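Spelled out from the first residue to the last, the chains are:
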Amino acid sequence: MSMNIDIFSFSFSRGGAAIAAKRFAKLAEKFASVKCYAAEKSTANDLPITYPSKRTEKLHFLLRIISYLLSIPCKTKVKTKHSLNIFSSPTIKHGLRESRNRHALTHIHWVNNDSLSIIGLHNLPQHSLITIHDEWLYCGSEHYYDPFADKLDFQHGYKILSLTQGINLNYIPWKLKMIAFGQRQDLIITAPSKWACDRASKSKILGNKPIFLLPNPIDIDKFSPLQEKITQDFRLQLGANTDHFIIAIGGINAPSTPLKGMKLFHDALEILRDLIDDKNCRSILILTFGSDKPNGDTMAGFPLKDAGKITQERMPLIYSAADLIVVPSIVESFGQVAAESLACETPVVAFETSGIADIVTHGISGYLAKPFSPRSLASCIYSAITLPGGQLKQLGKNGRTHVAAHFSNDTIQKSYEEIVNFARLKSEQIKK
């Protein structure tokens with residue numbers, strides 16, 4: 001292993017971007033010597049990760065609170081996370097120095113929560129590889145730009161003054177990013193979906209850089225359909241019998257994450273209830289997982305069960321026990337839940353939008369609703385419910401075939417290694 005790769009992420013276990021960073025680190029170990037640096041202690045104990053000390057982590061947490069409070073005036077009407085990244089984690093800063101000294105390829109993942117400051121972006125080593133997991137890198141402080149906006153500030157450039165909103169405080173973080181590396185053409189960008197690639201290529205900050213499609217890897221051996229007895233036992237624990245049709249949905253904390261589309265899902269269930277009779281309503285069970293516990297034991301009149309927060313190791317059980325997974329997100333840079341579900345041969349219903357469109361094929365591995373219509377979403381769910389069992393299972397099998405072909409570890413490792421070699425070649429050309 002003559003090549004060194006240093007991988008940076010706020011975490012390697014908490015959140016979708018962190019899980020993706022861990023998966024890329026495991027792939028990199030197959031063809032390089034890998035070191036990882038995290039701003040937060042995590043449970044990814046099977047990786048060579050340098051963590052901050054407890055004292056450093058506590059100090060960094062206090063700085064994050066200051067940064068968060070200062071970001072409040074910058075918040076837009078889009079209810080998404082906003083980050084100023086005023087400060088840097090000492091562990092990340094140390095890792096970048098080490099990476100430069102040992103001439104390693106630097107691979108940056110999600111470094112928000114003040115893991116790496118905006119000012120510190122200009123210190124990235126030449127030919128660093130940056131994977132975008134949302135839109136923060138080319139926007140202001142928002143992690144997703146308004147998906148309903150006609151004018152794209154990240155494409156045309158943020159203005160400090162706006163006729164509609166007055167002073168635009170997001171101009172400042174956008175301008176600082178532009179100064180930090182807007183003109184750097186040595187940086188190499190990867191994005192997990194065609195939608196994310198397209199958005200990045202349109203931006204003033206990233207549009208002049210090489211941008212590669214690099215989907216998140218899915219371990220199709222780990223995410224695979226479980227034995228029927230195992231899933232049936234779990235269904236019985238939930239109070240579901242063989243006649244129940246289980247619709248599973250993750251992340252129910254709608255007030256804080258409206259882009260996940262839970263309100264649209266609830267509205268769709270209200271419409272669905274009118275499409276089917278009371279008897280069929282009682283045979284449908286809504287299974288939630290992964291976030292805050294819901295209020296009550298029903299949702300829009302349907303029986304409701306909550307599995308709570310689930311570890312990655314137990315996620316295949318949720319996917320395999322469900323008859324259908326619904327991903328009602330308004331925007332997803334990739335759509336990890338959809339891909340993992342299909343790998344477990346469970347069909348998916350979602351809106352035809354952003355990264356989801358790369359994963360779910362309408363009528364082949366699930367159904368894609370018209371964005372962002374609750375009625376269309378209800379119709380797609382109804383189509384899945386009324387589909388004969390054999391045909392529904394075939395959708396799931398088709399989905400696993402698609403995931404295996406496009407997102408499996410073997411497939412993504414080849415793409416990843418090609419991009420890494422591209423970066424190394426560019427670096428060697430500069431040295432000569």
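As the structure is a prediction and not an experimental result, all values here were calculated from the model.

(A) Broad picture of the overall build of the chain. Helix and strand counts for the chain stand at 14 helices and 16 strands. Summarising its shape, the C-alpha atoms of the chain cover approximately 70 × 55 × 40 Å along the three principal directions. Within the span of the chain, comprising 432 residues, buried residues form 55% of the whole. Working note: accessible area of the chain is about 19,400 Å², and carbon and sulfur atoms make up 53% of it. Computed over 51 positive and 39 negative side-chain charges, the separation of the two mean positions in the chain equals 7 Å.

(B) Representation of the sheet that holds strand β9 (residues 211–213) in the model. Taking strand neighbours across the sheet as the criterion, the seven strands line up as β3-β2-β1-β4-β5-β8-β9 in an open arrangement whose pairing is parallel. Every interior strand has two partners, whereas the edge strands, β3 (49–50) and β9, have only one. The pairing of strand β1 (residues 4–9) with strand β4 (residues 105–108) spans four bridges and is parallel. Note that in β4 the partner of I7 across the bridge is H107. On top of the sheet, helix α3 (residues 90–101) reaches β1, β2 (33–38), β3 and β4; it is set at about 165° to β1, its chief contact. With respect to the sheet, helix α6 (residues 194–202) is in contact with β8 (188–191) and β9, its orientation differing from that of β9 by roughly 170°.

(C) Quick peek at the pairing of β1. The buried count for β1 comes to five of six residues, which makes it a mostly enclosed element. Across six bridges, β1 lies against β2 in parallel orientation. In the sheet register, I7 faces β2, and the bridge partner there is C36.

(D) Spatial organisation of the side chain of H133. By secondary structure assignment, the location of H133 is in the loop between β5 (129–131) and α4 (153–156). Among the polar contacts listed, one links the side chain of H133 to the side chain of H109, at a separation of 2.9 Å. Residues in contact with H133, not counting those within four places in the same chain, are A17, A20, H109, W110, Y144, N216 and S333.

(E) Broad picture of the pattern of salt bridges. Overall, the coordinates contain 17 salt bridges when judged by the stated rule. Across the pair D186 and R184 runs a salt bridge whose closest N-O atoms are separated by 2.8 Å. Side by side, D186 and R184 carry an identical accessibility label, which is buried. Among the charged side chains, a salt-bridge network with shared partners connects K22, K26, E29 and D46.

(F) Main features of the nonpolar core. One finds L206, I247, F265, I286 and I381 to be the most contacted residues of the largest nonpolar core, which totals 75 residues. No other element matches helix α8 (residues 262–275), which puts seven residues into this core. Residues in contact with I381, not counting those within four places in the same chain, are I247, F265, L272, L324, V326 and V349. In this structure, F223, A322, V327 and A343 belong to the second largest nonpolar core, which totals 33 residues.

(G) Seen up close, the pairing of strand β15 (residues 348–351). Burial along β15 is two-sided: V348 and A350 and V349 and F351, pointing in opposite directions, are all buried. One ladder, built from three bridges, connects strand β14 (residues 324–327) with β15; its direction is parallel. Residue pairing for β15: V326 is matched across the bridge by V349. Between the parallel elements β14 and β15, the chain passes through helix α11 (residues 336–343) in a crossover that is right-handed. Relative to strand β16 (residues 366–369), β15 runs parallel, the two being bridged by four bridges. When the sheet's bridge partners are listed, A350 is paired in β16 with L368.

(H) Main features of the sheet that holds strand β12 (residues 298–299). Sheet architecture is open: seven strands sit in the order β12-β13-β11-β10-β14-β15-β16, paired in mixed fashion. Edge strands, defined here as strands with exactly one partner in the open sheet, are β12 and β16. The sheet contact formed by β12 and strand β13 (residues 302–306) spans two bridges and is antiparallel. Counted as the bridge partner of T298 is P303 from β13.

(I) Examining the environment of K177 more closely. Of note, K177 is situated in helix α5 (residues 171–181). Judged by relative accessible area, which is 0%, K177 ranks as buried. For the pair K177 and L121, spaced 56 residues apart in sequence, the C-alpha separation works out to 7.4 Å. With near-sequence residues (within four places) excluded, K177 lies in contact with I118, L121, W136, L137, C139, G140, G182 and I205. Of the polar contacts made by the side chain of K177, one reaches the backbone oxygen of C139; its length is 2.9 Å.

(J) Representation of the side chain of H143. Within the secondary structure, H143 sits in the loop between β5 and α4. In this structure the side chain of H143 is engaged in a polar contact, spanning 2.7 Å, whose partner is the side chain of S83. Residues within four places of H143 in sequence aside, it is in contact with T80, K81, H82, S83, W110, N112, D134, E135 and W136.

(K) Structural context of a nonpolar patch on the surface. Nonpolar side chains collect at one region of the surface, where I119, I160, L161, I167, L169, I172, L176 and I179 lie side by side and expose about 740 Å² of accessible area between them. It is α5 that contributes the most residues to the nonpolar patch, three residues altogether. Mapping I119 onto the fold places it in the loop between β4 and β5.

Reading the values: rules and limits
Residues numbered from 1 in each chain as written. Predicted model: local features only at pLDDT ≥ 70, side-chain atom pairs only at ≥ 80, totals over all residues. Heavy atoms only, no water. Helix = DSSP H or I, 4+ residues; strand = E, 2+ residues; numbered from the N terminus. Buried < 20%, exposed > 50% of the residue type's maximum accessible area, 1.4 Å probe, protein only. Areas by Shrake-Rupley, 256 points an atom, 1.4 Å probe, with all protein chains shown as cover. Lys, Arg positive; Asp, Glu negative; His and termini not counted. Charge placed at Lys NZ, Arg CZ, Asp CG, Glu CD. Pairing = 2+ DSSP bridges. Contact = heavy atoms within 4.5 Å. Axes fitted to C-alpha atoms, helices over the stretch in contact; angles between N-to-C directions. Polar contact = N/O pair within 3.5 Å; in protein donor to acceptor, adjacent residues only side chain to side chain. Salt bridge = Lys/Arg side-chain N within 4 Å of Asp/Glu carboxyl O. Core = buried A, V, L, I, M, F, W, Y, C linked by side-chain atoms within 4.5 Å. Right-handed = clockwise from strand over helix to strand, strands pointing away. Patch = residues over 30% accessible without salt bridge, like charges linked within 9 Å, V, L, I, M, F, W, Y side chains within 5 Å.

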